[in-house]
Structure formats: C-alpha cells, structure tokens
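Examination of the molecular architecture
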Amino acid sequence: MITIPNWIAFIIALVTSIGLMLHRDWRWGIGFLAIQYLSIFWLVQTHWPVSMAAAKLVTGWMACTVLGIAQLTTDSAKGTEASWPQGRLFRLFTTGIIIAATFALSLRASSWLGLGLPIAWSSLLLVGMGLLQLGISAQPFRVILGLLTVLGGFEILYAAVESSTLVAALLSVVNLGLALTGAYFLNMPQEAKP
Amino acid sequence: MSAPFLWIFLPLTLAGLLMLLRNKKVIALIACIFTLFLTLAAWLLPIDTAITIGTVSFKLSSSFEILGRHLVLESADRSLLALIYGSTIVWFAAAPAVRTIRRLIPLGLAITALFVAALAVEPFLYAALLIEMAVLLSIPLLSAPEQRPSKGLIRFLILQTLAMPFILFSGWLLAGIEANPGDLGLVQQAAILIGLGFSFLLAVFPFYSWIPLLTEESSPYAVGFILWMFPTVTLFFGLGFLDHYAWLRDSPSLGSVLTTVGILMVVSGGLLAAFQQHLGRIMGYAVIMETGFSILTLSLVRAVGLNIFFMLLVPRILSLTVWALALTILKEHFPTLILRDMKGLVHIWPFATSGLVLANLALAGMPLLAGFPPHQAIWEGLASTSLPVAFWVLIGNLGLFFSAVRVMLAFAAAPEGANWEFHETGAQRFLLAVGFLALLLLGLFPQWVLPLWMKLPTIFTHLGQ
C-alpha cells in the first residue's frame, strides 16, 4: 500500500485544521477549509472510486464558495473575532491535546477498522478539531466551519465502511446545506461588537 | 404511481411552489387541502393493491428506487402517514392566525415530506441524513432573516448535526453484530454510539438546553411545530431500531436505561418549568417532559407500553398547538413574555391566556383534560413495577402543574373592577375555542381517538405483537 501520499494528506489535514483553529480572519478560514477538502478527497479516494471522491472535493469547494460569497456581501469587520489574540495560548494548548488524543485513538481505530494510520488519524483529528472549534466559538461562521470539519473527518472514516452512492449524494447535500445555512446566518444581523 | 412519490416527492414539489406564492390565505388554503388529501389518501388508499374507479384502474406501488436504494411505504405504514399528515393539517389550519405563515407552511410541508422519507428509506439508518436535511430546512423557519442568529438556534444546529455521524456509524457496527452476534465488545460499542446518536436527536438530558432557548427566542408557533415533529419522528425512528434489532430489543439493561433517561427528563423538565419566569421556556420544558414520558412508556411491558406511547400523541399535538398559538398571540403584544409583565391579562386576552393555562394543565396530566388518560396509564404502569419511579414521575408532573398555577395566578391578578375585553381576533378566538373543546372532550372521552392510533402498532413487526 502506498502510504506516503496518505501521510502528505494527513499533514495537509493537520496544518489546515490548526490554521482553522488559530487564524481568525475569514479569508484564511475559507482558504484552509478549501485545502482541507483536498486532503479529504485524497483520503476518501483510497476507498472510493476517484469519481465519487471527486464529488466530495467539488461539494466542499462549492461550500467554501458559498461561504466566501456570503462573507463578501457582509461587513468584513464581522469576520474577525474580538477575543483574538488573547486566546492563542489556550487554542494552541487544546490543539496539542486533540492531536495527542486522536493519535492514541487512531492507533486502536486503524487496527479495528483495518485502515492505515494516516487515514484513521486524519479522520479523528478533523473530528476532534471540529468539535474543539464548536466548543470554543459561538460565532455562526466559526460554527459552520467546525461542523464542516467534523463532517469531513467523519466522511473519511465512513468512506471506508460504506460506499453507497445515495449516502454520498445525501452527504453532499448536507455539506452544501450547512454552507447555505452559514450564508443565511451571515446575512442576518450580527451581534454588536463590544 | 408509487406511494413514496405521492407522500414524499409531491409534497416536496408543492412546498417549492408555495414558496413562490405571496397571498397568505391562498398558501394556507392550498396547503390545508393538499395535506387533507394526503391524510385521506393514507386512510383510504391501499398500497400494492389494484384500485378500480369506474373504468380507470390504478395501483400504488410501495417502492421507489433512488440511486440504488429504495424508499418503501407499505400498507402497514398508512396509519403512520395519516398521523403525520393529519397532525400537519392541525398546524397549518391554525397558521393563518399567526404571522409566520409564509415561512411555516412551505418549509413545514418540506420538513414533513423529508421526515416521511426518513421513515421510508431502506436501509433505514440512512434516515439520519434525511433528518439532518430537515434540521437544515428548519433554520430559516426558526429564525427570520431580520433576526440575529440566536444561541438556541446555533445549539440546535450543532447538536442535531452531531447526531448524524453517530447514527450512521452505529449502522455499520449493527451490520457487524448481525453477522457475529456473540461479539460483546461490538455490541457495547454499537450501543454507546446509538445511545449518543439518539441522545442528540431526542434532546435527552443534558443535551436539551436548546429547547428552552428556542422557545424563548423564536416564534412560539414555529418552534411548537418543530418540537412536535422532531421528537415524534425521532421516536418512531428509535422504535424502528428496537423493532429491527433483536439483541437491542431483548437487552436486559434496555428497560433500566430507558427508565433512568425518562425519569431524568420528566423530573428535570418539571422542576425547571416550575421556576421559570418566561412563558416560552415553560412550554420548552413541558416538551422535554413529554419526550421523557414517551421514553418511559417504552420501558413498560412491551405491548402495554407501545399502546400508551401512541395514546400520548393526540393529546400532545392538541396541547402543543393550543399552547403555541396562545403564546404567539401574546408575544405579538408582549414580546418579552416575562410573567411579571403579564399580570391581569385574563381580562383583556381571555382566550389566549385560558388556552395557555389549559394546554399547560393538559400536559401536566390534569384530570378531565386530554393529557390525563395516557398519563394515568403511565403512572399505573410504572407503579406496578416500581413505586419510587412512579413517585419521581409524579414530582415532575407536580412541577409542571405548579408552573400552570403560577401562570394562572399572574394572569388573574387584575386590578379590582377591571372590565372584560376581547383583544383576540375572531379567527384566533374560534381556533382557541375549538382547541379548548378538543382538550376537554378528549379528557372525557379518550376512546374517541382510539381509531386514530389503534393501527399504529402494526407498523412494527416485532414490537407490535
């Protein structure tokens, strides 16, 4: 089995998920998410036909486009969180914990599911980082990024056990629906800045 | 034509078309007639049997293939379809009395169709994906574009979305258990994943914080619809799990888990409702209690418990509709809905205030009201197995009852000599009066709705026996 490209995909997932966690600017956020979908595509195509895995990539990029356009039509100042950079150390520390915890879990998961370590670790890492994002931010845009990250991680793992076209289609609809929900949130009046 | 086309794709198409209309009365009329047609069709039309009307002969096939999988609605599902679309009529018929009609009806119809699809899809685990789509469609329903996204809405989205991976992944484990039933480790892992998935979906303690937040922040009528539809369909989905997997159904610890979860929800919901100052939050906690009661019924002796489970449905929808309608009417004039700002309102809003208190009392299991017969059956069933459990459930009921008394006292605290006025519109008075009457009549004659739920247990091959 060729694992080097999988490890590269893992490193991309690691860097982008850390970037999503630490960078507060929405442009960087969408950029990191778009690159993250490249790694998701690569890891999914190890179990699915390339054409089906490509659907994930296209859906992910469409979601990024929807969120990007929605952000462009709103006031760009809203995209920056007021708490930054005060929470940098905390975010780095929790990110480190997630990386360590998911590594420990992925050792078991990879043998249990018969997956390569980079696939299992990437999946659990994205789920963990997404959950962390959901836990520490109440900003609708960050919440949507967190949910898309969680789903991305789940889809890597689920692709190994399920290859139904209907599931792939429905998951794509859910991803796009989440992006549209994010766009809906962004077009609503936001909380006044302190 | 196939049954899934009639009960899933046709409503979805109509929901899209209704989005384009502007006249609220026309939207309500079309939606009511259409859902009535679907309800009657579910009641009268057999599936997979040729029907001849004059010279025309047709057959509703039960299956519809989509991307290699199937949507299947069989004859046994007709009573469930009648219940789902029948309850939708109740919400749509009262909708003209509130302002959210242009969002509620098209989105509500689409959500209903997606839920029917969730109950029809095979393998049935894929329902989690369709429920997630319904969650996403609920967002614009629960929050108008001019409002800012509320905390409750964000939590609702997060917790409901997190349910989907757990349910889907548990499906894979369940397939493994079917192949290798002796693997206890796998059984434990699957049980944990299913438990977590349903905890998120059903808003089980402690994941229910979004319910009172939503009932406080969003339109009570839209939230009422969501809080009727989501737990009901999720409970049917959960029953499908129990019906499908013998190891889960026959697990010795299932009864105690369901009892513990049910009691936690009933007691915490009841006690928290008792001390709320916000009228919307009280409704939220009452819904939490109702989910707890439904879970408790599943812990009772199987056939009895299932019958009580279905008995709860009709009083619940009536009470919730009346409560949500009354709250919506009051919220238009008193946006805070804080109890201390609503003293003496019974003199100027007699129908809305009475409706709110009556619905609250009905869900608390007050004798002579619709909620009493099923609640009494639950108390009896629980007391026969464990008195402490019945005692805790009674504590929860007393909490909700206490909240109704507090609200009633606040509404009645009018200055001496205050004149009686009617600020509700004619339509609102009519709808609320019909609601009161239904709540009272169902309390006195619960057997009248027996035909509505008698056939429902037949949906479940194993549980219904």
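Residues numbered from 1 in each chain as written. Chains lettered and ligands numbered in written order. Predicted model: local features only at pLDDT ≥ 70, side-chain atom pairs only at ≥ 80, totals over all residues.

1. Structural notes on the overall build of chain A
Operational definition: The helix count covers DSSP runs of H or I at least four residues long, the strand count covers runs of E at least two residues long, and both are numbered beginning at the N terminus. Values of the radius of gyration come from C-alpha atoms, whereas the globule rule sets the reference at 2.2 Å times the count of residues to the power 0.38. Once C-beta atoms are placed from the backbone, each residue is buried if 20 or more other C-beta atoms lie within 10 Å of its own, exposed if 12 or fewer, and partly exposed for counts between those two.
Counting its secondary structure elements, chain A contains seven helices and zero strands. Listing the helices and strands of chain A from first to last along the sequence gives α-α-α-α-α-α-α. Against the globule reference of 16 Å for 194 residues, chain A gives a C-alpha radius of gyration of 16 Å, in line with a compact fold. Projecting the C-alpha coordinates of chain A onto the three principal axes gives extents of approximately 50 × 35 × 20 Å. Within chain A, buried positions represent 49% of all 194 residues.

2. Side note on the overall build of chain B
Heads up, the rule is: Each residue gets a C-beta atom placed from its backbone, and two residues are in contact if those atoms lie within 7 Å.
Looking only at helices and strands, chain B features 19 helices and five strands. Taken over the C-alpha atoms alone, chain B extends approximately 75 × 60 × 45 Å along its principal axes. Within the span of chain B, comprising 465 residues, buried residues form 56% of the whole. Taking as baseline every contact in chain B between residues at least 6 positions apart, the subset at least 24 positions apart corresponds to 78%.

3. Digging into the packing of helix α2 (residues 24–44) of chain B against helix α4 (residues 101–120) of chain B
Residues and elements named next belong to chain B. Quick reminder of the rule: Here, axes are lines fitted to C-alpha atoms. For helices the fit covers the stretch in contact, and angles between N-to-C directions go from 0 to 180 degrees. By the definition adopted for this analysis, an angle is roughly parallel if under 35 degrees, roughly antiparallel if over 145, roughly perpendicular if from 65 to 115, and oblique otherwise. Note on convention: the crossing is left-handed when the near helix lies turned anticlockwise from the far helix by less than a right angle, right-handed when the turn is clockwise.
It is at 9 Å that the axes of α2 and α4 come closest, and there the two elements cross at 25°. Classified by the angle their axes make, α2 and α4 are roughly parallel. Once α2 is placed against α4, the crossing between them reads as left-handed. Counting all contacts with α2, which are made through K24, I27, A28 and A31, the residues of α4 involved are I101, R102, I105 and L109.

4. Remarks on the interface of chain B and chain A
Going by this rule: Polar here means any residue other than Ala, Val, Leu, Ile, Met, Phe, Trp, Tyr, Cys and Pro, which are nonpolar, and Asp, Glu, Lys and Arg, which are charged; Gly is therefore polar.
Contacts between chain B and chain A engage 26 residues on the former and 28 residues on the latter. Of all elements in the fold, only α5 (127–142) and α6 (151–179) of chain B reach the threshold of two or more residues within the side of chain B that touches chain A. Looking at which element gives the most residues to the side of chain B that touches chain A, the answer is α6 of chain B, with nine residues. Its residues placed into classes, the side of chain B that touches chain A shows 17 nonpolar, four polar and five charged.

5. Looking at the nonpolar core
Residues and elements named next belong to chain B. This is how it is decided: Among buried residues, those of type Ala, Val, Leu, Ile, Met, Phe, Trp, Tyr and Cys that are joined through C-beta atoms within 7 Å form a set called a nonpolar core. For the domain bounds, the source is a domain assignment made automatically or taken from a database.
By size, the foremost hydrophobic cluster in this structure holds 247 residues, and its most contacted members are A118, L130, L325 and A326. Per element, the largest residue contribution to this core is 16 residues, and it comes from helix α9 (residues 220–244). Mapped onto the domain boundaries, this core takes at least three residues apiece from domain 1 (1–122) and domain 2 (207–459). Filtering out sequence-adjacent residues up to four positions away, L325 remains in contact with A94, A97, V98, Y221, G355, L431 and L432.

6. Focus: the domain arrangement of chain B
Residues and elements named next belong to chain B. Under the domain assignment used here, chain B contains domain 1 (1–122) and domain 2 (207–459). Placing a centre on the C-alpha atoms of domain 1 and another on those of domain 2 gives a separation of 26 Å. On the side of domain 2, 21 residues touch domain 1, which itself brings 20 residues to the contact. Among the residues making up the side of domain 1 that touches domain 2, the classes are represented as 14 nonpolar, five polar and one charged.

7. Some words on the environment of L14 of chain B
Residue and element names in this part refer to chain B. Here L14 shows up in helix α1 (residues 3–20). For the pair L14 and I101, spaced 87 residues apart in the sequence, the C-alpha separation amounts to 15 Å. In contact with L14, not counting residues within four places along its chain, are F34 and L109.

8. Some remarks on unusual backbone geometry
Residue and element names in this part refer to chain B. With an omega of 5°, the peptide bond running from E122 to P123 counts as cis. Counting through the fold element by element, P123 comes out in the loop between β5 (121–122) and α5. You will see that A203, though not glycine, has its phi angle at about 55°, which is positive. Structurally, A203 can be placed in the loop between α7 (184–201) and α8 (210–217). One non-glycine residue, L337, adopts positive backbone phi at about 55°. Within the fold, L337 resides in the loop between α14 (313–333) and α15 (350–363).

9. Quick notes on helix α5 (residues 117–136) of chain A
For an α-helix the count is 3.6 residues per turn, leaving residues at separations of three or four pointing the same way. This is how it is decided: To estimate the expected span of a helix, count its residues, drop one, and scale the result by 1.5 Å.
With 20 residues, α5 of chain A extends 28 Å from end C-alpha to end C-alpha; this agrees with the ideal 28 Å at 1.5 Å per step. The element α5 of chain A is extensively covered by neighbouring structure, given that 16 of its 20 residues are classed as buried.

10. Structural notes on the sheet that holds β5 of chain B
The condition is simple: Strand pairing is defined by DSSP finding a minimum of two bridges between the two strands.
What the three strands build is an open sheet, ordered β3-β4-β5 (chain B); its pairing is antiparallel. In the strand order of this sheet, the two ends are held by β3 (63–66) and β5 of chain B, each with one partner.

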